Amino acid sequence: MQGYAKIIIDLHHQKVDTLYTYRIGSELQAVIREGMLVEVPFGAGNRLSQGYVIELTQERPPEGVRLKEVRRAISPEPVFTADNLALARQMQARYHAPLSACLALFVPKNPEFSPAPVEKVDLLLAPEALQEAACDRRLGKTQRTFLQALAAMGGQGCLLKEVRRQAPLSRESLRSLVQKQYVHLYEESEGKPPAAFISAQNEETTKALPLNEEQLRARRAIEEACDAAVYRGFLLHGITGSGKTEVYMQCIEHVLAQGKRAIVLVPEISLTPQLIRIFGARFPGRVGVTHSRMTDAERSRHVMIGPRSALFMPLPNLGLVVLDEEHETSYQSEKKAPHYHAAEVAAMLCRQKNCPLVLGSATPRIETYYAAQQGELTLLVLSRRAVRQAALPRVELVDMRAELEGGNMSMFCDRLVQEVRRRLQRKEQTILFLNRKGYATFVSCRACGFVLRCPRCYLPYTYHKDQNKLICHHCGKEAAMPEYCPQCGSPYIRSFGAGTQRVQEQAEQLFPGARILRMDMGTMRKQSDYQEAYEKFRRGE
């Protein structure tokens with residue numbers, strides 16, 4: 001009997017976001033299944049396009065209607081399940097996005113991992129020699145800029161393509177720097193994917209820690225929902241150091257004992273190295289990290305850690321979803337449709353799988369906290385530190401106006417400088433936080449007050465000194481740093497405000513013997529950068 005397939009074309013556009021019926025040829029009758037990715041002719045020109053098989057049917061088309069035929073099956077197996085399709089339809093209705101765009105979230109991009117060599121570059125110059133090279137007119141301007149950018153990115157083990165993105169340089173000019181022994185160029189494997197990193201690094205194991213009364217109360221409430229196999233949403237509102245992660249792990253241990261699996265969402269890849277070490281030590285060999293090149297073995301892990309995309313992993317028998325640091329803005333997908341929030345989709349998924357959802361935060365979003373107050377979520381509070389002897393840190397506010405009156409022109413107050421130096425003498429470590437990347441937050445003319453703004457967004461440009469560029473952190477537009485004011489022509493144009501680059505620069509001046517590591521989007525461009533930085537800091541390097 002002739003079979004037909006109802007297919008949605010993978011074009012992510014509302015005008016073609018509908019089902020198209022195709023005839024299945026006799027040679028594909030036994031091959032085509034619902035959920036498969038296929039190739040079909042589409043449009044007036046019969047351009048070959050990819051499509052998802054939504055439904056198979058034996059229903060004949062109306063008399064006189066000629067149907068096009070499915071050309072071939074692209075995937076040997078279905079790329080999504082009936083549950084995936086149901087969740088995608090919910091997202092389509094909630095976010096007014098094409099169904100094909102929602103289904104694409106479930107399709108694995110690269111199912112196998114194959115390490116490929118990449119070009120890396122090391123800086124061979126000492127700081128003094130680098131300053132001399134920066135003034136060496138025998139070097140081209142692009143070569144000097146390249147050396148400065150390489151130094152700003154750490155100088156060792158830097159991806160060549162990333163350095164050249166910051167400071168474009170021709171191959172001929174790069175060979176000249178290699179011949180002068182200013183840099184060392186070499187190839188190296190990209191290394192193991194994150195899941196393999198867990199297996200290789202976590203040799204020690206940890207056991208469950210004793211819980212305080214608040215932690216026990218939270219764990220019991222979540223475990224009751226797990227045992228009942230029903231959806232319940234929880235807000236675990238705990239101060240920093242209150243032991244939220246330990247509650248997560250003990251609840252996950254309870255779920256694993258039932259033969260089920262768990263998803264742990266983290267907001268950014270920068271949090272992953274620390275978290276995977278903790279979870280990998282508690283659940284050795286059972287933790288995986290979502291990434292685009294996952295193997296079948298990695299997909300079979302019992303605990304999956306990852307960003308919001310982990311929600312779309314094919315994880316059967318799901319028993320618990322944890323969304324850590326739920327207040328983070330990276331849980332909102334903004335760049336392309338569907339523009340979903342991970343907390344909302346996680347709730348849809350947990351309702352579908354009849355399992356609880358735990359949202360954890362020390363500073364939850366207003367809408368999350370309001371939902372807990374209204375009874376839509378169960379509020380679980382951890383109001384004190386998990387370790388009884390541990391006290392909340394003492395916070396001291398410093399009036400920088402008084403510092404300025406006392407002659408301190410630095411962005412560091414005297415007390416901070418004294419405390420950092422004391423830590424250095426004790427061979428201890430210091431972390432300086434600033435939620436601004438770049439060198440300066442805006443550029444303004446001292447003569448007329450004109451502020452350089454992005455013409456697209458009308459937001460002030462951020463100055464990046466290592467590239468000598470102005471960059472809009474909203475849309476990414478770049479512009480050259482002017483020598484004169486575009487409005488009045490005055491040379492008194494300066495950068496103001498502080499970013500992480502300026503913090504690093506002043507810290508190097510104030511603490512010349514200290515080893516300083518900057519972590520921001522300018523230096524941490526791939527997950528292995530975060531892993532390496534975390535390991536260096538953990539080892540006290």
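The coordinates are above.
Residues numbered from 1 in each chain as written. Predicted model: local features only at pLDDT ≥ 70, side-chain atom pairs only at ≥ 80, totals over all residues. Heavy atoms only, no water.

Examining the sheet that holds strand E2 (residues 20-24)
In plain terms, the rule: A pair of strands is considered paired only if DSSP assigns at least 2 bridges between the two. The helix count covers DSSP runs of H or I at least four residues long, the strand count covers runs of E at least two residues long, and both are numbered beginning at the N terminus.
Pairing is antiparallel in the open sheet, where five strands are placed in the order E2-E1-E4-E3-E5. The strands lining the two open edges of the sheet, one partner per strand, are E2 and strand E5 (72-73). Sheet analysis places strand E1 (residues 3-9) next to strand E4 (residues 47-57), joined by six bridges and oriented antiparallel. Each bridged residue has a counterpart across the sheet, and for Ile-7 the counterpart in E4 is Val-53.

Description of the side chain of Ser-49
Selection criterion: Here, residues are in contact when the closest pair of their heavy atoms is within 4.5 Å.
Among the secondary structure elements, Ser-49 is positioned in strand E4. Contacts of Ser-49, omitting those with residues within four sequence positions, involve Ile-9, Val-38, Glu-39, Val-40 and Phe-42.

So, the layout of surface pockets
Note the cut-off: With a 1 Å grid laid over protein atoms only, a set of points is called a cavity when a 1.4 Å probe fits there but cannot get out and a pocket when it is open yet has protein on both sides within 12 Å along at least five of seven lines; lining residues have an atom within 4 Å of a point. Grid points are joined across faces, edges and corners, and a volume is the space filled by probe spheres set on the points. Nonpolar residues are Ala, Val, Leu, Ile, Met, Phe, Trp, Tyr, Cys and Pro. Charged residues are Asp, Glu, Lys and Arg, and all others, Gly as well, are polar.
Empty space within the second largest pocket amounts to approximately 330 Å³. Around the second largest pocket sit 15 residues that line it, and Glu-344, Leu-359, Ala-371, Glu-376 and Leu-377 are the ones nearest its centre. Within the residue set of the lining of the second largest pocket, elements represented by two or more residues are helix H12 (342-353), strand E14 (357-361) and helix H13 (366-373). In the lining of the second largest pocket, the residues fall into eight nonpolar, two polar and five charged.

Some points on the nonpolar core
Note the threshold: Within this scheme, the nonpolar core is defined by two criteria: the residues are buried Ala, Val, Leu, Ile, Met, Phe, Trp, Tyr or Cys, and they are joined through side-chain atoms within 4.5 Å. Exposure is judged per residue with a 1.4 Å probe applied to protein chains only, and the accessible area is read against the type maximum: over 50% gives exposed, under 20% gives buried, and values in between give partly exposed.
In this structure, Tyr-52, Leu-103 and Leu-311 are the most contacted members of the largest nonpolar core, which totals 44 residues. Of all the secondary structure elements, the ones that give two or more residues to this core are E4, helix H1 (82-95), helix H2 (99-104), strand E10 (261-265), strand E13 (318-323), H12, E14 and H13. By residue number, the principal contributor to this core is H12, which donates eight residues. Ignoring sequence-local partners within four residues, the contact set of Leu-103 consists of Ile-8, Tyr-52, Ile-54, Phe-80, Leu-85 and Ala-88. By size, the runner-up hydrophobic cluster in this structure holds 30 residues, among which are Leu-236, Leu-275, Leu-320 and Val-322.

What about the state of the cysteines?
Two cysteines whose sulfur atoms are joined by a covalent bond form what is called a disulfide. Formally: A pair of sulfur atoms, both from cysteines and within 2.5 Å, is called a disulfide here.
Evaluated as defined, the whole model comprises zero disulfides. Summary of cysteine pairing: Cys-445 is not part of a disulfide, and the nearest cysteine sulfur, belonging to Cys-488, is at 3.7 Å.

Describing H12
The condition that has to hold: To estimate how far a helix should extend, the number of its residues minus one is multiplied by 1.5 Å.
In a regular helix each residue adds 1.5 Å, so 12 residues correspond to 16 Å; H12 covers 16 Å between its end C-alpha atoms and thus fits that length. The inward-facing, buried residues of H12 abut H1, E10, E13 and E14. Asn-354 sits one or two positions beyond H12 and adopts a positive phi of about 55 degrees.

Thoughts on the pattern of salt bridges
Counted only if it meets this: What makes a salt bridge here is a side-chain nitrogen of Lys or Arg within 4 Å of a carboxyl oxygen of Asp or Glu, nothing more.
Overall, the coordinates contain 24 salt bridges when judged by the stated rule. Residue Asp-83 pairs with Lys-353 through a salt bridge whose shortest N-O separation is 3.0 Å. You can see Asp-83 sitting in helix H1 and its partner Lys-353 sitting in helix H12, a full 270 residues away along the chain. Residue classification places Lys-353 among the partly exposed residues on the basis of a relative accessible area of 28%. Two residues, Arg-422 and Glu-419, come together in a salt bridge whose shortest N-O distance is 2.8 Å. Residue Arg-422 and its partner Glu-419 are located together in helix H15 (residues 414-425), separated by three residues, close to a single helical turn. Judged by its relative accessible area of 33%, Arg-422 falls in the partly exposed class. What you see here is one network of salt bridges that share partners, running through Arg-394, Glu-396, Arg-415, Glu-419, Arg-422, Arg-423 and Glu-428.

Focus on unusual backbone geometry
In this structure, the amide linkage connecting Ala-337 to the following residue, Pro-338, adopts the cis form with an omega of 0 degrees. Along the chain, Pro-338 falls in the loop between E13 and H12. Despite not being glycine, His-96 has its phi angle at roughly 50 degrees, a positive value. Relative to the assigned elements, His-96 resides in the loop between H1 and H2. The exposure class of His-96 is exposed, given its relative accessible area of 66%. Even without glycine at this site, Glu-325 takes up a positive phi of about 50 degrees. Looking at where Glu-325 falls in the secondary structure, it is placed in the loop between E13 and H12.

Focus on the pairing of strand E9 (residues 233-238)
Most of E9 is tucked away: five of the six residues are buried. Relative to strand E15 (residues 378-382), E9 is paired through five bridges, and the arrangement is parallel. Considered in E15, the bridge of Leu-235 is made with Leu-379.

Brief notes about the packing of aromatic side chains
The condition is simple: Pairing of aromatic rings covers Phe, Tyr and Trp, the last through its six-membered ring, and needs centres within 6.5 Å; plane angles under 30 degrees mean stacked, over 60 mean edge-to-face, and all others mean tilted. Placement of a positive charge over a ring is assigned whenever Lys NZ or Arg CZ falls within 6 Å of the ring centre and within 35 degrees of the normal to the ring plane.
Applying the stated rule across the entire model yields eight aromatic pairs. One aromatic cluster is present, built from ring pairs that chain together Phe-106, Phe-312 and Tyr-340. Above the plane of the ring of Tyr-458 lies Arg-453, whose end atom (NZ or CZ) is 4.9 Å from the centre.

Considering the packing of helix H8 (residues 213-228) against helix H9 (residues 244-257)
Axis angle and axis distance: for two packed helices, these are the angle between their axes and the distance between the axes, and together they describe the pair. Here is the rule we go by: An axis is simply a line fitted to the C-alpha atoms; with a helix, the fit covers only the stretch in contact. Between two such axes, the angle follows the N-to-C directions and lies from 0 to 180 degrees. To sort the angles, those under 35 degrees are grouped as roughly parallel, those over 145 as roughly antiparallel, those from 65 to 115 as roughly perpendicular, and the leftovers as oblique. Here is the rule for handedness: rotate from the far helix to the near one, and if that takes an anticlockwise turn smaller than a right angle the crossing is left-handed, while a clockwise turn gives right-handed.
It is the contact of H8 with H9, at a shortest axis distance of 10 Å, that shows an interaxial angle of 30 degrees. With respect to H9, the element H8 is oriented roughly parallel. Of the two elements, H8 crosses H9, and the hand of that crossing is right-handed. Residue-level inspection shows Gln-215, Ala-218, Arg-219, Ile-222, Glu-223, Cys-226 and Asp-227 of H8 in contact with H9, the latter providing Glu-246, Val-247, Gln-250, Cys-251, His-254 and Val-255. Its residues assigned to classes, the contact of H8 with H9 comprises six nonpolar, three polar and four charged.

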